[in-house]
Amino acid sequence: MSQPPPLPRSSEYIGRILAGIIVANLVGGIVCAFGYWIGRAANPGNEIIVPSLLLVPVAMGMVAAWIWKPLRLGMGAALLHSLFCTVFTIFVAALVFREGVICVIILSPLLYASIAAGALLGRIWFRTDRLNLLIAPALVFAVVGELSLRGSHHSVVVDEVRIAAPPSAVWPHVLAFDRIPAAPDYWLFHLGLPYPTSTTNAGNFAGAARACEFSGGAVFDETIVEFAPERKLTFDIIKMPPDPELMGHLDAHRGQFELRDNGDGTTTLVGRTWYSLHVRPAAYFDWWTHQIFRAVHLRVMNNVKRLAEAAP
Amino acid sequence: MIFAFVVRHLRWFAHIPLAPQVFDALLLTWTALFRRQTFAAIMEVEAFVRTLPGVSLCAHRFGGTGFACDGREFAHIHGNGLLDVRLFAEEARAAVASGRANVHHVLGASSWVSFWLRGANDIPAALELLKQGNCAARQPAQDSNATKSREFLR
């Protein structure tokens, strides 16, 4: 039986690990640029098209595994070097794409797990040379196919708060409110994610302008589209702040407050936000989006509750 | 616990391309960070299996590292240390009856058995099952007159 070739010296080992990380990132960048180009062609209306953030890192992990192949890495080493690769990718993304802390936090688990999955798969697949030639075009087809076939993803986040006051006492505080005094209580708010601070209202009629102000000076410009006193306020979000963490990733379209009279002197306040998600895998980013919108809803709705219940 | 929940309630998840592999990479990372003994045992078992003649690594379709003999998978190990081995039906029944293995965590009573690898003490028993699985995987090709009791179930 033939003996496997000897393992490289430590300097070669480190060189190959670094080469794997750098080439994987280069390939990831090229695939993203190619995906962006394909995506623009397939969806001309959208400004920024990001290829699947599952497929691209898996491909990166496989590229790294192919370069690391002579090192015959075990599971532990593959995981560790995948972590280094993830850190390098995040560093590049922060430098080149100016991704902020929040984006990095949201993306990191998926990025690491996908790169590690790619590296572990590559570690197995590339032991034999049979699959090597098939995997590269398959991955390119997968990225391009996903972009070309990608449909729009819309969803809505719904939250409820029960308020010990009738709808007539709740309604004025839904229309507009001054600065929310409560400190933010959601962990991402503490790390810099903008949180709602106040709302202004230019008039009590459909078509009136409205603005929701967030910390850090971010403002969402809105237009009231449905005005049913003490029952429903619906508004379209016509302009979002030009935040790089939002652009091309997420569009919030519409918001709504619905007041349900419980008939016992209390009101159920329902908050809804409709949005479109432009990043994939949708299930992963949907989870984060729901968490964040929920925190935004509850901050506003709990403030409305406080004001309504404090009213004489 | 999370693994059991996903297997039981989120089985559709396994049909999303690459999702099981990503999930298993996370499981393996968790094991490497917080269950070091299990992780060391997984690595030792993998290292042993790679020394068996004719055995190669393969990617298990539901996530994890598979072990194949002549291209046919006879065992796989998940990132949390759950080892599944395919034996002859009779051997699988005997292994479960003697307490050396459990019925398969998804298939139930079948040719597949499950074994929890939690630390160094579990390695000898795991290796025995793997040797048995490897023999079983080789046998049909070598012995075409295998009796019914030497067949695989499911």
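Residues numbered from 1 in each chain as written. Chains lettered and ligands numbered in written order. Predicted model: local features only at pLDDT ≥ 70, side-chain atom pairs only at ≥ 80, totals over all residues. Heavy atoms only, no water.

Here we come to the sheet that holds strand E3 (residues 72-77) of chain B. Residues and elements named next belong to chain B. With antiparallel pairing, six strands are arranged side by side in an open sheet as E1-E2-E3-E4-E6-E5. The open sheet terminates on both sides in strands that have one partner only, identified here as strand E1 (55-59) and strand E5 (102-104). Across the sheet, the axes of successive neighbouring strands diverge by a mean angle of 35°, strand direction being ignored. In terms of strand pairing, strand E4 (residues 82-86) meets strand E6 (residues 108-116) through five bridges, oriented antiparallel. Counted as the bridge partner of Leu83 is Phe115 from E6. (Pairing = 2+ DSSP bridges. Helix = DSSP H or I, 4+ residues; strand = E, 2+ residues; numbered from the N terminus. Axes fitted to C-alpha atoms, helices over the stretch in contact; angles between N-to-C directions.)

Let's shift gears to the pairing of E4 of chain B. Residue and element names in this part refer to chain B. Taken across its five residues, E4 has four buried, putting it largely inside the fold. Sheet analysis places E3 next to E4, joined by three bridges and oriented antiparallel. In the strand pairing of E4, His76 is matched with Asp84. Hairpin connection of E3 to E4: four residues between the antiparallel strands, including Gly81 at a positive phi of 95°. (Buried < 20%, exposed > 50% of the residue type's maximum accessible area, 1.4 Å probe, protein only.)

Two cysteines joined by a covalent bond between their sulfur atoms form a disulfide. In the structure shown here, the tally under the stated rule is zero disulfides over all chains. Cys85 of chain A takes part in no disulfide bond, and the closest cysteine sulfur, belonging to Cys32 of chain A, lies 13 Å away. Unpaired in this structure, Cys58 of chain B has its nearest cysteine sulfur neighbour in Cys69 of chain B, at a distance of 11 Å. (Disulfide = S-S within 2.5 Å.)

All names here are of chain B. Within helix H1 (residues 2-9) the residues assigned to the buried category are Phe3, Val6 and Val7. Buried residues in H1, looked at end-on, bunch into an arc of 95°, giving them a common side. Set apart from the buried face of H1 by more than 90 degrees, the exposed residues are Ile2 and Arg8. The inward-facing, buried residues of H1 abut helix H2 (19-34) and E4. (Arc of directions from axis to C-beta. Contact = heavy atoms within 4.5 Å.)

Everything listed here is a matter of geometry and, on its own, says nothing about what the molecule does.
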